[in-house]
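One letter stands for each residue in the lines below.
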6 protein chains.
Amino acid sequence: MFLRVINPNTTAAMTAKIEESARAVAGPGTRLDAVNPSMGPASIESHYDEALSVPGILTEIARGETEGVDAYVIACFGDPGLDAARELARGPVVGIAEAAMHAAALLGRGFSVVTTLDRTRGRAHELATRYGSPCRGVHACDIPVLELDKDPDVLDRVVALGRTALHDDDSDVLVLGCAGMADLAEKVSAALGVPVVDGVAAATLFAQSLVTLGLRTSARSEYAQPPPKAYTGILRRFTV
Amino acid sequence: MFLRVINPNTTAAMTAKIEESARAVAGPGTRLDAVNPSMGPASIESHYDEALSVPGILTEIARGETEGVDAYVIACFGDPGLDAARELARGPVVGIAEAAMHAAALLGRGFSVVTTLDRTRGRAHELATRYGSPCRGVHACDIPVLELDKDPDVLDRVVALGRTALHDDDSDVLVLGCAGMADLAEKVSAALGVPVVDGVAAATLFAQSLVTLGLRTSARSEYAQPPPKAYTGILRRFTV
Amino acid sequence: MFLRVINPNTTAAMTAKIEESARAVAGPGTRLDAVNPSMGPASIESHYDEALSVPGILTEIARGETEGVDAYVIACFGDPGLDAARELARGPVVGIAEAAMHAAALLGRGFSVVTTLDRTRGRAHELATRYGSPCRGVHACDIPVLELDKDPDVLDRVVALGRTALHDDDSDVLVLGCAGMADLAEKVSAALGVPVVDGVAAATLFAQSLVTLGLRTSARSEYAQPPPKAYTGILRRFTV
Amino acid sequence: MFLRVINPNTTAAMTAKIEESARAVAGPGTRLDAVNPSMGPASIESHYDEALSVPGILTEIARGETEGVDAYVIACFGDPGLDAARELARGPVVGIAEAAMHAAALLGRGFSVVTTLDRTRGRAHELATRYGSPCRGVHACDIPVLELDKDPDVLDRVVALGRTALHDDDSDVLVLGCAGMADLAEKVSAALGVPVVDGVAAATLFAQSLVTLGLRTSARSEYAQPPPKAYTGILRRFTV
Amino acid sequence: MFLRVINPNTTAAMTAKIEESARAVAGPGTRLDAVNPSMGPASIESHYDEALSVPGILTEIARGETEGVDAYVIACFGDPGLDAARELARGPVVGIAEAAMHAAALLGRGFSVVTTLDRTRGRAHELATRYGSPCRGVHACDIPVLELDKDPDVLDRVVALGRTALHDDDSDVLVLGCAGMADLAEKVSAALGVPVVDGVAAATLFAQSLVTLGLRTSARSEYAQPPPKAYTGILRRFTV
Amino acid sequence: MFLRVINPNTTAAMTAKIEESARAVAGPGTRLDAVNPSMGPASIESHYDEALSVPGILTEIARGETEGVDAYVIACFGDPGLDAARELARGPVVGIAEAAMHAAALLGRGFSVVTTLDRTRGRAHELATRYGSPCRGVHACDIPVLELDKDPDVLDRVVALGRTALHDDDSDVLVLGCAGMADLAEKVSAALGVPVVDGVAAATLFAQSLVTLGLRTSARSEYAQPPPKAYTGILRRFTV
């Protein structure tokens, strides 16, 4: 089985960290790599960034299809390009927000999300609504994505924010709202005594599970391959 | 007041038709033009097409901001790139699906959408949920977007489909689910005796109304201008 | 085009203020007047007041139909009598709560309402649910409707309440929850830096827009003219 | 205990039938009468009718308060004036739609409503949403309210419609959607083998139960007595 | 009419208290007793307790069916075994949570629940969702069920918690979230000035009302008698 | 890692089939067995059966805790006893309905469930609501659980029913609504060309994934170990 984790931003250091998190949980029979597009934003912290990451994500999916990838993980908590990626890929595609939210739903009555910038909270709520998830609050630590690795106080701030979130939202599970937090899950859980879900690891195992189950995105109507047509100045995979 | 209607696909004939529909309702004091990106798909009939239309839409918003545009309409029924466009533009941005759905809510208890391809129905339902709209069904006439102008039976097929939709969904209003149907509203309404909403005209007047009201997208948090950062190989407006 | 704004209470000073707000935004080609019933409560601050305002509203609609009115605005934030008015009028009827809520939905992720008395908050929430609007809270300044013009601290109190509302509800847009606050929108917006929606102006433009679009309430079933029958001691328009 | 059932229309024959249905279930210690306003529509088959019935209902409530009535039933399936009546009355007020829907929820997974005219269906759905009730469909027999007593085929038509409703909606309970159908419940139930709820009887027992429980409408905020003010040309109970 | 109230735990003192509360409201023509199973937990304060109370409840229902019981009340706020009991009993079965929540919905805009242990709050929310009830919060006084009778401060603590709940949740009605609080309703209501609903009394009257109305659980499909089959080591009523 | 799949009924042949389905997907490093209680119903086809299966399930969990089981699957589509089991087990517990529904949500826009008896459909809908899942319909093939292995037409009937379900519900994914159908997934998928989810296999992999992720049910409040107390005549694990 060949899994590919796509980091939708262009920051290679973050790709490496994501790959580490995914590899730590993938089964022994699973080949796994993590990639990032060469085109797009250095980090994703707005709808604008998210929108501009999608062509790069789709390029990576298109490439993966030629390389025999069996399933993909999109490793940004906004689940950018997920619907389009599902049309493009033969195998399943799992977003880290959806994976984390579905996993959290198996572990308690309700969860809180701890994320980076305040402005990204609306998108997290929107996804929770789409996925039918018992999300009770989204809390921002106000650390930009690319500072997560540099700020020595990140763990303390996330733990403190998580504690507040559990109390204020009356939640029993935490979800980390950024792929760049993947390395914090275990430590935050130890500090707070509740399950803490990292979407990168969760999505990796859910993607692996779907492949093992022989399941892939339905091609019955909405997610069938896009109809061929002319594309100008952009990805042309389906051009007539 | 300067309004710009963006046709997210690259088909100039469709842009012209959209401009005509928008101009027919804009007030005498309103300067209005319609544009389409030079980059992107010839029509939008999948999540993939929609995703690939967004960079072009954002390019047009960025250009409009330098030209003094006061408000924008995004003239594709999937409302592609709406959130990102709102971050980018100083003035309001209105999608034709949201405009049509809000207008329809003022006219009856529930509405049905008549659209092009079956595969686009999921997105229309998703938008209705997001907008809190009383959408009771989405029905496809199975005519591709770029055939709408060529197929001599389009009106008959849309009328027949609309009649079925009103009955099956118990709706009292119809919404046309494609910018390429803008010219059909009046005729379908005459044939079926119910209000028929064309999103292009509705969005034009709602955008004009918001400008008259002095209202623009809130910049309090989520829709503030995106934080500056490096963008590789794609729009760079906010690059540091 | 002939628009009529109905102030559902009997206080002429408030009617005048409402007319001013509506006229300020109506297009040059629009004839507009504001009226109030001769029958009913001096202000609307309870379900009881609202119920007793409806016969007066319907009387004004009935009169307007004989005078060639093209569309109506009902200028009370409880949207009293809206369904009945839609059955009676040939043209569209727009409530100021629904207009404000639909407009606010175009401007941000979620809005808060600032209203007069605490007891009116339940109705505002109920309307937000009906309209599918992203209302995150309704806050009362505890100033009776007819004191809004007399209390010199109204602006300060509404600004302070609005600031609290934005923070507590995590909203990015404010909606003014009373027609008597129509003159405050611009100043509150300037003070708080977010869009502030006055329903009177919004409803005026939405009504004008619907007329321009050639759209009126569906008469397919629910909102058709009421069946004729005997009415005793009250409006008899449809009496057999 | 003194219960009063208010038939909101002016048709005395229907009041008599409603009284009979209510009396059949009221306990031996309960004094019960049924009244109708002298003002208003002969039957209620539109939002317009409903709106015009409310002043009469409130007049009856005001009169009842002077006569020592302990609780009221509003015997029209649109639950007209319910909120206003709750502000006015010291004791509880129960609508027949809410009573029927709450009762039905105790008897099965989901119910269907069988009502009179097609145009009243929207209101029934709206009430089911407000009450959080598992209503799966509303079906019209197309018999006007005042024909229910005259049409010899009423029972057969309601039974046939109920059968269709149970099947199409996959319901296990029926609710009769008009006070004028109160006498049909037992026969329809016998014919279809499912529980059939008449709101008049259900509301009578729920009102009686609330009085026995010592419960009345909360006067904490929204449903407190209306603030006194001037009322012109209409009920003046709270006039200053 | 013969009503039976089942206390699902094995504590006879609590059964006696419940019987007192039920008898105080049952009509003169109603024979009523309260029972508890000989098998099960001493009190119900977890999902585990609730699950283990169900066989005992069903045993009591089975016994009641042989004794001519017309309707049952299940007197634990988690409404344990309600669906199964409905399959088993010929007459209606009413849970105290559902009765209290439906009653509360007739008395105000929204209610808060005051309950025992924090851990039971999730179940109360789940039931409110199932019943479509306007529950705005569930608050725990942290007094174990079997301490309710022993702790001299119970009333003060419930009053204080109720006051907080009304304010924080903006509710106008309180619901007591434990059968063991049945004796507090009147005093808490007197202290707080809002309606306070005890589910035991409410369910008793609703069950009595359903019998008077001739209504019983629908046996159309889901709640029909269970299909006969082999049961090993547990209740065998339907064993082939 | 040690996983245990609990078949909640007492039919050993079905346990064997479930074990086969689970083993086929479990990873090489996973020890897995399937068990069934010695107490309870031979199959689960009613709320009554479900309720009576729970003590047996909990007995198996209690035993598993002494044997070092890391995670459990409850292999009945009603997810019986899931909340109680989560309180009892140290590791995660996954129901096959929740697993199937979460998996299906990753594969398309909406799914239909194909199940055994008509009367079980209500429970499936209730679970879909609880899990926030995009379930569009539940369809019964009217084959009792224990006939699934004996009826030679099962596959044909399930395929035919699935085809109807996909069309009528406009779904793109199927979910098998009974553990006894676990062996049909691949064949039904081949016949219909859509993903078909067997909950037994899905739950096995989700449980395995949660263990790999180091995640277990939150013990913060609701799902903590039950408070110790007296249990009479039934499981006593937590007895004081």
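Per an unreviewed UniProt entry, chain A carries the name Hydantoin racemase and comes from Winogradskya consettensis. Entered under Sequence similarities (unreviewed entry) in the UniProt record, the comment concerning chain A runs "Belongs to the HyuE racemase family."

K.L.:
I tried to follow the packing of aromatic side chains on my own but got confused; where do I start?
P.N.:
The final tally for this structure, using the stated rule, is nine aromatic pairs over all chains. Relative to Tyr48(B), the ring of Tyr231(A) lies with its centre 5.6 Å away and its plane at 75°, an arrangement referred to as edge-to-face. Placement of Tyr231(A) in strand β10 (residues 231-232) and of Tyr48(B) in helix α2 (residues 47-67) is noted, with the two residues assigned to different chains. Residue Tyr231(A) is classed as buried on the basis of its relative accessible area of 3%. In this structure Tyr48(B) comes out as buried when scored by relative accessible area, which is 1%. Centroid distance Phe206(D) to Phe206(E): 4.5 Å. Interplanar angle 20°. Geometry classified as stacked. Taken together, the residues Phe206(D) in helix α8 (residues 199-212) and Phe206(E) in helix α8 (residues 199-212) connect one chain to another. Judged by its relative accessible area of 1%, Phe206(E) is buried. Cation over ring: Arg31(B) sits above Phe2(B), and NZ or CZ is 3.6 Å from the ring centre.

K.L.:
Before we go on, may I ask you to explain the arrangement of the chains in this structure?
P.N.:
The two units chain A and chain D never meet; even their closest C-alpha atoms stay 19 Å apart. Between chain B and chain E there is no contact, and the shortest C-alpha to C-alpha separation is 19 Å.

K.L.:
Help me out: how do you make sense of the state of the cysteines in this one?
P.N.:
Here a disulfide denotes a covalent bond joining the sulfur atom of one cysteine to the sulfur atom of another. Under the defined criterion, the tally for this structure stands at zero disulfides over all chains. There is no disulfide at Cys135(C), and the cysteine sulfur nearest it, in Cys141(C), is 15 Å away.

K.L.:
Even after reading the chapter, I still don't get the sheet that holds strand β2 (residues 31-35) of chain D, so can you show me in this structure?
P.N.:
Pairing between the strands of a sheet comes from backbone hydrogen bonds, and it takes one of two forms, parallel or antiparallel. All names here are of chain D. With parallel pairing, four strands are arranged side by side in an open sheet as β2-β1-β4-β5. Across the chains shown, the open sheet's two edge strands, defined by having one partner strand only, are β2 and β5 (93-95). Between one strand and the next, the sheet's axes are offset by a mean angle of 20°, whatever the strand orientation. Judged from the five bridges that link them, strand β1 (residues 2-6) and β2 form a sheet pairing that is parallel. Looking at the pairing, Val5 lines up with Ala34 of β2. Seen against the sheet, α8 touches β1, β2, β4 (71-74) and β5 and runs at an angle of roughly 160° to β4.

K.L.:
Can you walk me through the pattern of salt bridges in this structure?
P.N.:
Where charged atoms from two side chains of opposite charge approach closely, those side chains can pair. Evaluated as defined, the whole model comprises 132 salt bridges over all chains. Here Arg121(A) ties to Asp170(C) by a salt bridge, and the two come within 2.9 Å at their closest N and O atoms. Note that Arg121(A) is positioned in helix α5 (residues 121-131) and Asp170(C) in the loop between α6 (154-169) and β8 (173-176), a pairing that runs across two chains. Judged by its relative accessible area of 13%, Arg121(A) falls in the buried class. Residue Asp170(C) is classed as partly exposed on the basis of its relative accessible area of 27%. Taken together, the salt bridges that share partners define one network made up of Glu50(A), Arg123(A), Glu126(A), Asp83(B), Arg130(B), Glu222(B) and Arg109(C).

K.L.:
In this structure, what is going on with the packing of helix α4 (residues 96-105) of chain F against helix α8 (residues 199-212) of chain F? I would like to understand it.
P.N.:
Between two packed helices, the angle of one axis relative to the other and the distance separating the axes together describe the packing. Residues and elements named next belong to chain F. Relative to each other, α4 and α8 sit at 85°, their axes nearing to 8 Å. By the angle between their axes, α4 is roughly perpendicular relative to α8. Across the interface between the two elements, Ile96, Ala99, Ala100, His102 and Ala103 of α4 pack against Gly199, Val200, Ala202, Ala203 and Phe206 of α8. Tallied by class, residues from the contact of α4 with α8 come to eight nonpolar, two polar and no charged.

K.L.:
Any chance you could explain the interface of chain B and chain A here in plain terms?
P.N.:
Counting residues at the interface gives 45 residues for chain B, matched by 45 residues for chain A. At the boundary of chain B with chain A, total buried surface from both sides reaches about 3400 Å², with 57% on carbon and sulfur atoms. The largest share of the area that chain B buries against chain A comes from His47(B), Tyr48(B) and Arg119(B), three residues that together contribute 23% of it. Where chain B meets chain A, there are eight salt bridges. Across the salt bridge formed by Asp49(B) and Lys229(A), the nearest N and O atoms sit 2.5 Å from each other. The tally of links between chain B and chain A comes to 30 residue pairs in polar contact (both at pLDDT 80 or more).

K.L.:
Explain the sheet that holds strand β2 (residues 31-35) of chain A to me, please; I cannot follow it from the model alone.
P.N.:
Residues and elements named next belong to chain A. What the four strands build is an open sheet, ordered β2-β1-β4-β5; its pairing is parallel. Whereas interior strands pair on both sides, the edge strands pair on one side only; in this sheet they are β2 and β5 (93-95). Neighbour to neighbour, the strand axes of the sheet diverge by 20° on average, direction disregarded. Two elements, strand β4 (residues 71-74) and β5, share three bridges in a ladder whose sense is parallel. In the sheet register, Tyr72 faces β5, and the bridge partner there is Val93. Its contacts with the sheet place helix α4 (residues 96-105) against β4 and β5, and it is angled at close to 75° to β5.

Calculation criteria
- Residues numbered from 1 in each chain as written.
- Chains lettered and ligands numbered in written order.
- Predicted model: local features only at pLDDT ≥ 70, side-chain atom pairs only at ≥ 80, totals over all residues.
- Heavy atoms only, no water.
- UniProt positions renumbered as here; feature names shortened; annotations may be inferred.
- Phe/Tyr/Trp six-rings, centres within 6.5 Å; stacked < 30°, edge-to-face > 60°.
- Helix = DSSP H or I, 4+ residues; strand = E, 2+ residues; numbered from the N terminus.
- Buried < 20%, exposed > 50% of the residue type's maximum accessible area, 1.4 Å probe, protein only.
- Lys NZ or Arg CZ within 6 Å of the ring centre and 35° of its normal.
- Contact = heavy atoms within 4.5 Å.
- Disulfide = S-S within 2.5 Å.
- Pairing = 2+ DSSP bridges.
- Axes fitted to C-alpha atoms, helices over the stretch in contact; angles between N-to-C directions.
- Salt bridge = Lys/Arg side-chain N within 4 Å of Asp/Glu carboxyl O.
- Parallel < 35°, antiparallel > 145°, perpendicular 65-115°, else oblique.
- Nonpolar A, V, L, I, M, F, W, Y, C, P; charged D, E, K, R; others polar.
- Buried area = accessible area lost by both parts, 1.4 Å probe.
- Polar contact = N/O pair within 3.5 Å; in protein donor to acceptor, adjacent residues only side chain to side chain.

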